[in-house]
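Structure assessment
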Amino acid sequence: MKRSLTLVALLAVLTPTVDAANITGIQVYPPDVHLSTALDFQRFVVIASRDDGVTVDVTQQATAKLKDQDLAKLENAALYPAGDGTTELQVEYQGHQVSIPVTVAEASTDRPISFQLDVMPVFMRAGCNTGSCHGAARGKDGFRLSLFGYDPQGDYFRLTREETFRRINLAVPESSLLVEKVIGAVPHSGGKLFETDSEYCQKMLRCLKAGAPNDEGDPPHVTELDIFPPQAVIEGESTQQQCLARAHYSDGTDRDVTDLAVFLTSNDNSAPINADGLVTAAARGEAFVMARFETKTVGSQVIVLPKDLNY
């Protein structure tokens, strides 16, 4: 089942109208798309640049289409694999056009669940392996995770071999303490983290239903992390800019990790960013918004200007 992209709805709000005469061009991020296996997907954002240097997120106003619709499915500013091959995503906004390459491989292959690639990122997204939670040197509430997930194999052992009867239940995965705590079914000092039908909870359940397998060999690790757009100049309080995060792996693949990365900002007064990577302009100023995933952190400069500023 394809994951629901709850943050897509956020892209449609508070996007200002851009005068076509002031636009110098548009950019599409990421600049290329690589889809691998049936569950893969990639979101994209469309940015219009004005002649005064201001950038505007026009993703929901732009027109996008695939040159070959048999290879991928386009839905809510996201691409999903449909058939193997190469094509182009063609984007147009107020007379400006951009095309980016799209490559699809193993579109019908269902990648097996991976503890390191699928479950560990959920712990980071939820803040479970931070220093103030289970990532503390002594852990918390009798359970310890490695800080920011630096030791996946140690985390796997502690989750599946230490006090197994308490933390996981392979016979009835839904009754696992691991699951019941994060959905708020039993007391949890960290509170309720996810809904039962969320993609995060479903990933953990899928792992448990598969028997909580450990990764064989050395699974791919993140070699590079992107944040898009790389820079933004936002005009007007409450104007919004969606940020995306993409991870590159040691096996040559990449992955949209916007829903798994942790987003941070250096200046909440000017450019606060929510958990889904949505920046909302506030007071005039400058900030660096950051995405953290696995052991990588990358930043993007955001400048916030007042509406109709006289230069």
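Everything that follows concerns the structure shown earlier in this document.
Rules used throughout
- Residues numbered from 1 in each chain as written.
- Predicted model: local features only at pLDDT ≥ 70, side-chain atom pairs only at ≥ 80, totals over all residues.
- Heavy atoms only, no water.
- Helix = DSSP H or I, 4+ residues; strand = E, 2+ residues; numbered from the N terminus.
- Rg over C-alpha atoms; globule rule 2.2 N^0.38 Å.
- Buried < 20%, exposed > 50% of the residue type's maximum accessible area, 1.4 Å probe, protein only.
- Contact = heavy atoms within 4.5 Å.
- Areas by Shrake-Rupley, 256 points an atom, 1.4 Å probe, with all protein chains shown as cover.
- Lys, Arg positive; Asp, Glu negative; His and termini not counted.
- Charge placed at Lys NZ, Arg CZ, Asp CG, Glu CD.
- Axes fitted to C-alpha atoms, helices over the stretch in contact; angles between N-to-C directions.
- Left-handed = near helix turned anticlockwise from the far one by under 90°.
- Nonpolar A, V, L, I, M, F, W, Y, C, P; charged D, E, K, R; others polar.
- Polar contact = N/O pair within 3.5 Å; in protein donor to acceptor, adjacent residues only side chain to side chain.
- Core = buried A, V, L, I, M, F, W, Y, C linked by side-chain atoms within 4.5 Å.
- Pairing = 2+ DSSP bridges.
- Disulfide = S-S within 2.5 Å.

1. Digging into the overall build of the protein chain
The secondary structure content of the protein chain amounts to five helices and 19 strands. Relative to the compact-globule value of 19 Å for 311 residues, the protein chain shows a C-alpha radius of gyration of 21 Å, a close match. Structurally, the protein chain occupies a C-alpha span of about 65 × 45 × 30 Å along its principal axes. Across the 311 residues that make up the protein chain, the buried fraction comes to 51%. Long-range pairs, those at least 24 residues apart, make up 56% of the contacts in the protein chain between residues at least 6 apart in sequence. Summed over all atoms, the accessible surface of the protein chain reaches about 14200 Å², with 50% contributed by carbon and sulfur. The averaged location of the 41 negative side-chain charges in the protein chain is 6 Å from the averaged location of its 27 positive side-chain charges.

2. Considerations on helix α2 (residues 152-160)
Of all nine residues in α2, seven are buried; the element is thus mostly enclosed. Every buried residue of α2 is listed here: P152, G154, D155, Y156, R158, L159 and T160.

3. Description of the packing of helix α1 (residues 115-125) against helix α5 (residues 199-209)
A pair of packed helices can be characterised by two numbers: the angle between their axes and the separation between those axes. The geometry of α1 relative to α5 is characterised by a closest axis approach of 9 Å and an angle of 145° between their N-to-C directions. In this structure, α1 meets α5 at a crossing whose hand is left-handed. Within the contact between the two elements, α1 uses D118, V119, V122, F123 and R125 and α5 uses Y200, K203, M204 and C207. Considering only residue class, the contact of α1 with α5 consists of six nonpolar, no polar and three charged.

4. Quick word on the environment of T258
Locating T258 in the fold gives a position in the loop between β15 (254-256) and β16 (262-265). Residue classification places T258 among the buried positions, given a relative accessible area of 0%. Residues T258 and L117, 141 residues apart in the sequence, show an inter-C-alpha distance of 14 Å. Looking at T258, its side chain comes within polar contact range of the main-chain nitrogen of A245, at 3.0 Å. Polar contacts involving the side chain of T258 include one to the side chain of D256, which spans 2.8 Å.

5. Quick notes on the nonpolar core
Core analysis: the largest hydrophobic core is formed by 48 residues, its most contacted members being F123, V257, F263, V279, F293 and V302. Excluding residues that lie within four positions of it along the chain, F293 makes contacts with P121, M124, V222, L225, A247, Y249, V257, L260 and A261.

6. Considerations on the sheet that holds strand β18 (residues 285-293)
Strand order in the open sheet formed by four strands is β12-β19-β18-β16, and the pairing between neighbours is mixed. Two strands lie at the open edges of the sheet, namely β12 (231-235) and β16, each paired on one side alone. Ignoring strand direction, the axes of neighbouring strands in this sheet form an average angle of 25°. Strand direction decides the pairing type here: β12 and strand β19 (residues 296-305), joined by five bridges, are parallel. Each bridged residue has a counterpart across the sheet, and for E235 the counterpart in β19 is L305.

7. Some details on the sheet that holds strand β8 (residues 78-81)
What the three strands build is an open sheet, ordered β3-β8-β7; its pairing is antiparallel. Because the sheet does not close on itself, it has two edges, and the strands there are β3 (42-43) and β7 (72-74). Where β7 meets β8, three bridges bridge the pair, whose relative direction is antiparallel. Bridging from a neighbouring strand, K73 pairs with Y80 of β8.

8. Some details on the state of the cysteines
Under the definition given, this model contains zero disulfides. The structure places no disulfide on C128, whose sulfur is separated from the nearest cysteine sulfur, that of C133, by 5.6 Å. Classification of C128 by relative accessible area gives buried; the value is 9%.

9. Some details on the side chain of Q241
Of note, Q241 is situated in strand β13 (residues 240-242). Judged by its relative accessible area of 2%, Q241 is buried. Within the structure, Q241 has its side chain in polar contact with the side chain of D57 (distance 3.3 Å). When near neighbours in sequence (up to four residues on either side) are disregarded, Q241 contacts I47, D57, P229, A232, I234, G277, L278 and V279.

10. Topic: the environment of Q153
With respect to the secondary-structure elements, Q153 resides in helix α2. With relative accessibility at 39%, the residue Q153 sits in the partly exposed group. Taking C-alpha positions, Q153 is 8.4 Å from N214, a pair spaced 61 residues apart along the chain.

11. Regarding the pairing of strand β9 (residues 85-93)
Here strand β6 (residues 63-66) pairs with β9 via four bridges, running antiparallel. Looking across to β9, one finds that T63 is bridged to E92. The sheet contact formed by β9 and strand β10 (residues 96-105) spans nine bridges and is antiparallel. Of the residues in β10, the one forming a bridge with T87 is V102. Once β9 ends, the chain turns through two residues before running back antiparallel as β10, passing Q94 with a positive phi of about 45°.

Spatial relationships are all this shows, so hold off on functional conclusions.
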